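# Structure assessment
This is what each chain is made of:
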Amino acid sequence: MTRPAKGKTPRRQAPKKSDQKDPVGVYCRVRPLGGETEECCIEVISSSTTIQLHAPEGFKTNRNGEYKETQYSFKKVFGVLVSQVELFESVAKPLVDDLIHGRNGLLFTYGVTGSGKTFTMTGSQGLGGLLPRSLDMLFNSIGSFQAKRYVFRSDDKNGIEVQNEVDALLERQRRENVCAPKTASSRQKVDPEIADMIKPAEACKADDVDEDSSYSVFVSYIEIYNNYIYDLLDENQEDTFRPKWNGGGTPLRQNTDFTAPQSKILREDQNHNMYVAGCMEVEVKSAEEAFQVFWKGQKRRKVANTRLNRESSRSHSVFTIKLVQAPLDADGDSILQNQVAVSQLCLVDLAGSERTGRTGAEGTRIREAGNINQSLLTLRTCIEVLRENQMCGTNRMVPYRDSKVTHLFKNYFDGEGKVKMVVCVNPKADDYEETLLVMRFAEMTQEVEVARPLDRPIYGFTPGRRNRNQAFKEELSRKLEERGGPVDTDISSVLNLATHSLPPIPSIEVTDAHDDITLPRLIEALQNRHRIRRAMLEDYNKAASRMTSLLQQLDGNINSKENYMHEQNSKLLEKDKIIQNNTAEIERLEKKAKMLEHKIDILQKTTKIYEDDKRSLQHELETRAQRLQRELSEKRRMEQRMHGAVTDTQHKWEKECERRVNAMQHGMQNKLWVKDEKLKQLKAIVTEGKTPSHPGPAPRQTQPKSAPAPPPREERVPMPAKRSASPSPATSAPVRPLHRRSRSAGGEKWVDHKPSSSLDLGTVLQPIIPNAIKVSAPNEKVLSKCDRYVLTHQEIASDGEIQTQLIKGDVMKTRGGGQAVQFTDIETLKQQLTNIECRKRKSSEGDGSSQKGGSLADVENRCAVAMEMKAGSTMGPGVEHHCITKRRKP
């Protein structure tokens, strides 16, 4: 009779994600300071949910040099006095409860080197961490419901096979025979470092455990070292390096060429979940055995001594607890092979980020630190992209494949289970900068939401099947014991039972040869036993005949079933051929998949290079666009400025041209007026020369013939009676000039305010103010000492010459006690250059008269007079200085 086929894990559809989402649970644990003298930069505030970072002494975080305190909030903050039990109750216990109820979970520790991550995850003797307490709670909950060893078996493709009890028993016997010595020795020796990790009083268990299911636990332990995956439970990788050997059994090149341990690769199973291909999964039946397996792999993990940590982890470790469960059938006795459910909990101890300058790393340690920081940077990048996609609605590709850590746990961030993170921080001041970066990453991680997976379906069987089956077996055993034997009895036991059911033989004691009572009694008893035995034999024969008929019937059924099995076997042979063909096709496809994976890696690297180039070019394009925009805006501003300047300049020159045109017109009018006046004067002179008896005015000044041109004339024009230089009409009589004495010549004390920018024109007439205080800038002290004020102001007149104005005023006291100036008069000093040709008038009086009256014969000298016109006068200008010499008779 053939054995039933082995059951496998049924292919599950892609897990349906709920519309509800849960944020990533981020917790913070503060490590105690190493010494009492060390400076602390972290303080727990706000009911154990917020921490505050204080900048240490000598560390300035603002440009102005002031200290800056920052606060960060978490789901819960565990201070230095929080025990391992409290941490487990809040963080890991819900994940273990979800594991028992068929949901996945991911828990990892994050922080800088030396912040207590390994202690939080593993613990020490008497202070068990999250991992041993999770194992203890799991086995306390399912300990009495576990299936026998090897009933569930891994198929090396992230699936589970279900074996019947016969195959499981044979495999147990085979493995026990092979591993008996090693198992015995391993059970006797327990590492003292892991003994008594958890106190009995601290044990706990989950509620609402399904008693009608059968459970089995598998554990695996890997490390990610330099972005390569190694199996810590593989016996062949105890030696880090092994020499290469040739076919003759001798090492190549005198043992100088070594091969590194074989790294594992990541694959995707039929349910699109990532797993480590070829990783050893060990079935464990107790928490002690599971932790013994963990400790065995922990000793093989890469650690090194650095300046900051004596046992610094140089790799990321991942301990996976896989729980397999299958419901029992309706009788509560057998496992339903097509209803196997698998859930797993990953406990990850990430290596700490570090700076090589502080750790003093060299050589290999620098390479390890670079790979650790790169993988943590990739994790941070994935979290940032997830957060951006969720908050901004973008659809950027998350770079999971850039690191083995993120690629392995891609499914958890896509909604395969809950994700929690414990941020471990060291409050000492030396780690302030690294702690600040860790806090920012943790704060950003809390904003990422993960889809909540749906609960597993209910199978519809009546609950309590296991208990009813167990009660039935106990009751059957009790009744069989009451009737005289156990359930599993052999033929001899049945015969003995039948013999004891016969009536007993009476006691036989013959004392006399002629005893006629004892022997007949014995004969009667034996005959009675013989009748009972014959009846029993008849009953037995009847039962045997019935059994024979039943067996014949069963034999017929078996024959028909064998025929059916033969047909099925022929079909199975055909299926086997198909399976072999499919296996060959699968192998071919796997090779092709490997090749495609290699190509994908190359394409991803190329894509990454192109994306980097694209980002750099985009950044450069944006920079140039911004620069062009700035240049355009600057050009527009410059155009507006130039347009305004051109407009102002045009307006200014228009005014200037208008002013110059007006000045030129005024000058031409004055010249015409002067010429007219000169002609009138000349006419008067000619007329006067014809009448010699007419006496002339007495000459005021004479000018020799050889005298040069007169110097520039200077006009003093007091205001408001403005004075201008112009010739008088010929009809007005010559008068003496009016000499108005300046008011500044009085006895008052003056403030002579002459700015330093005033020019010295070199004129003959200069304003002289006696009893004056000369200043370049007046002040209150000087004004308080004087009664009058005069300001010398220079400006360019309309004809282009510089004119000087003397602005005068009275100094008055104000009510507030200060000084004020009230302007009362303005005098204008103007310098004018003239080129006068010495033209002599022909005299009919003789040479003597011409020599004596040479100044009168010169027409220009007689016409060069100063004119004064009263303010408000409608008459023409009058003669102020008429240079006419009185004629003398010869």
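Next up on the list: the overall build of the chain. Across its full length, the chain carries 18 helices and 33 strands. Put simply, the chain shows about 56,300 Å² of open surface, and 53% of that area lies on carbon and sulfur atoms.

As a further point, take helix H2 (residues 93–100). Among the residues of H2, those classed as buried are Leu95, Val96, Asp98, Leu99 and Ile100. Turning to H2, the residues buried within the fold contact strand E8 (104–111), helix H4 (130–142), strand E13 (213–225), strand E22 (316–327), strand E23 (341–349) and strand E24 (417–425). Backbone geometry just downstream of H2 places Gly102 in the positive-phi region, at approximately 85 degrees.

Now for the nonpolar core. One finds Ile51, Phe74, Phe409 and Met439 to be the most contacted residues of the largest nonpolar core, which totals 55 residues. Core analysis: the next-biggest nonpolar cluster, separate from the first, contains 45 residues, Leu138, Val217, Leu233 and Leu347 among them.

Running from N to C, helix H8 (residues 364–392) and helix H11 (residues 432–445) point in directions that differ by 35 degrees, and their axes come no closer than 10 Å. Crossing angle aside, the handedness with which H8 passes H11 is left-handed. In contact with Leu379, Arg380, Ile383, Glu384 and Arg387 of H8, H11 contributes Leu437, Arg440, Phe441, Met444 and Thr445. Of the residues assigned to the contact of H8 with H11, the class counts are 5 nonpolar, 1 polar and 4 charged.

A few words now on the pairing of strand E17 (residues 265–268). Relative to strand E18 (residues 274–277), E17 runs antiparallel, the two sharing 4 bridges. Residue pairing for E18: Leu266 is matched across the bridge by Val276. Linking two consecutive strands that pair antiparallel, namely E17 and E18, is a turn of 5 residues; a positive phi of about 65 degrees is found at His272 within it.

Turning next to H4. A rise of 1.5 Å per residue sets the reference length of H4, with its 13 residues, at 18 Å; its end C-alpha atoms lie 19 Å apart and thus fit the reference within 8%. Judged by how many residues are buried, H4 sits mostly within the fold: 12 of 13 residues are covered. Listing the buried residues of H4 in full gives Leu130, Leu131, Pro132, Arg133, Ser134, Leu135, Asp136, Met137, Leu138, Phe139, Ser141 and Ile142.

Glancing now at empty space enclosed by the protein. What the rule picks out here adds up to 6 cavities of 30 Å³ or more. Taken as a whole, the largest cavity holds about 70 Å³ of empty space. Leu106, Phe108, Val348, Leu350, Leu379, Val405, Thr406, Phe409 and Phe413 together form the lining of the largest cavity. The set of elements that each furnish at least two residues to the lining of the largest cavity consists of E8 and helix H9 (404–408). Looking at the lining of the largest cavity, its residues break down into 8 nonpolar, 1 polar and no charged.

Turning to unusual backbone geometry, a few remarks are in order. Here the phi dihedral of His272 falls at roughly 65 degrees; this positive angle occurs in a residue that is not glycine. Relative to the helices and strands, His272 is located in the loop between E17 and E18. If you check the backbone angles, Asn771 has positive phi at about 55 degrees while not being a glycine. On the secondary structure map, Asn771 appears in the loop between strand E27 (750–753) and strand E28 (772–775). Owing to a relative accessible area of 44%, Asn771 belongs among the partly exposed residues under this scheme.

Helix H6 (residues 287–298) packs onto H4 with a crossing angle of 150 degrees between their chain directions and a minimal axis gap of 9 Å. Viewed along their axes, H4 and H6 adopt a mutual orientation that is roughly antiparallel. For the pair H4 and H6, the sense of crossing is right-handed. Contacts from Leu131, Pro132, Leu135, Asp136 and Phe139 in H4 reach Ala287, Ala290, Phe291 and Phe294 in H6. A per-class count over the contact of H4 with H6 returns 8 nonpolar, no polar and 1 charged.

On the surface, a nonpolar cluster with roughly 250 Å² of combined accessible area is contributed by Leu679, Leu682 and Val686. The residue Leu679 is located in helix H14 (residues 518–690) in this model. Leu679 gets classed as exposed once you look at its relative accessible area, which sits at 55%.

Here Asp752 is to be found in strand E27. There is no salt bridge for the buried Asp752, and the closest opposite charge comes from Lys774, which lies 4.9 Å off by N-O distance. Residues within four places of Asp752 in sequence aside, it is in contact with Ile769, Ala772, Ile773, Lys774, Val775, Val790 and Thr792.

Looking now at the sheet that holds strand E4 (residues 42–45). Ordered in space as E4-E5-E6, the 3 strands form an open sheet in which the pairing is antiparallel. Lying at the two open borders of the sheet, with one neighbouring strand each, are E4 and strand E6 (70–73). Neighbour-to-neighbour, the strand axes of this sheet turn through a mean angle of 25 degrees, independent of strand direction. One ladder, built from 4 bridges, connects strand E5 (residues 50–53) with E6; its direction is antiparallel. Of the residues in E6, the one forming a bridge with Thr50 is Ser73.

Right, let's talk about a negative patch on the surface for a bit. Residues Glu38, Glu39, Glu57 and Asp430 make up a contiguous surface patch of negative charge. Locating Glu38 in the fold gives a position in the loop between strand E3 (25–30) and E4.

Attention now goes to the packing of aromatic side chains. A full pass over the atoms with the stated rule returns 9 aromatic pairs. With centroids separated by 5.0 Å and ring planes inclined at 40 degrees, the aromatic side chains of Tyr221 and Phe294 adopt a geometry described as tilted. Separated by 73 residues along the polypeptide, Tyr221 in strand E13 and Phe294 in helix H6 bring together distant segments of the chain. When sorted by exposure, Tyr221 lands in the same class as Phe294, which is buried. Among the aromatic residues, those joined into a cluster by ring pairs are Tyr221, Phe291, Phe294, Trp295 and Phe319.

So, about the pattern of salt bridges. Close approach of charged atoms allows side chains with opposite charge to pair. Scanning the entire structure with this criterion turns up 29 salt bridges. Ionic pairing is found between Asp98 and Arg103, a salt bridge with its closest N-O pair at 2.9 Å. Judged by relative accessible area, Arg103 falls into the partly exposed class, the value being 21%. When the shortest N-O distance is used, the salt bridge between Arg659 and Glu656 registers 2.1 Å. Of this pair, Arg659 and Glu656 both sit in helix H14, 3 residues apart, which is roughly one turn of that helix. Overlapping salt bridges, with partners in common, bring together Arg153, Glu161, Glu171, Arg174 and Arg175 in one network.

On to the environment of Ile321. Looking at the secondary structure, you find Ile321 in strand E22. A relative accessible area of 1% places Ile321 in the buried class.

Now for the confidence of the model for the chain. In the predicted model, the chain carries a mean pLDDT of 76, and 73% of its residues have values of at least 70. The secondary structure element of the chain with the lowest average pLDDT is strand E33 (residues 878–881), at 38, and the one with the highest is E3, at 94. Residue range residues 1–5 is modelled with pLDDT below 50. Its contacts to residues more than four positions away, or to other chains, number 5 contacts. Within the model, the stretch residues 836–857 combines pLDDT values under 50 with 33 contacts to residues more than four positions away or in other chains.

Rules used in this analysis
Residues numbered from 1 in each chain as written. Predicted model: local features only at pLDDT ≥ 70, side-chain atom pairs only at ≥ 80, totals over all residues. Heavy atoms only, no water. Helix = DSSP H or I, 4+ residues; strand = E, 2+ residues; numbered from the N terminus. Areas by Shrake-Rupley, 256 points an atom, 1.4 Å probe, with all protein chains shown as cover. Buried < 20%, exposed > 50% of the residue type's maximum accessible area, 1.4 Å probe, protein only. Contact = heavy atoms within 4.5 Å. Core = buried A, V, L, I, M, F, W, Y, C linked by side-chain atoms within 4.5 Å. Axes fitted to C-alpha atoms, helices over the stretch in contact; angles between N-to-C directions. Left-handed = near helix turned anticlockwise from the far one by under 90°. Nonpolar A, V, L, I, M, F, W, Y, C, P; charged D, E, K, R; others polar. Pairing = 2+ DSSP bridges. Expected span 1.5 Å × (residues − 1). 1 Å grid on protein atoms, 1.4 Å probe; cavity = no way out; pocket = protein on both sides within 12 Å on 5 of 7 lines; lining within 4 Å. Points joined across faces, edges and corners; volume = space filled by probe spheres on them. Parallel < 35°, antiparallel > 145°, perpendicular 65-115°, else oblique. Patch = residues over 30% accessible without salt bridge, like charges linked within 9 Å, V, L, I, M, F, W, Y side chains within 5 Å. Salt bridge = Lys/Arg side-chain N within 4 Å of Asp/Glu carboxyl O. Lys, Arg positive; Asp, Glu negative; His and termini not counted. Charge placed at Lys NZ, Arg CZ, Asp CG, Glu CD. Phe/Tyr/Trp six-rings, centres within 6.5 Å; stacked < 30°, edge-to-face > 60°. pLDDT = per-residue confidence, 0-100.

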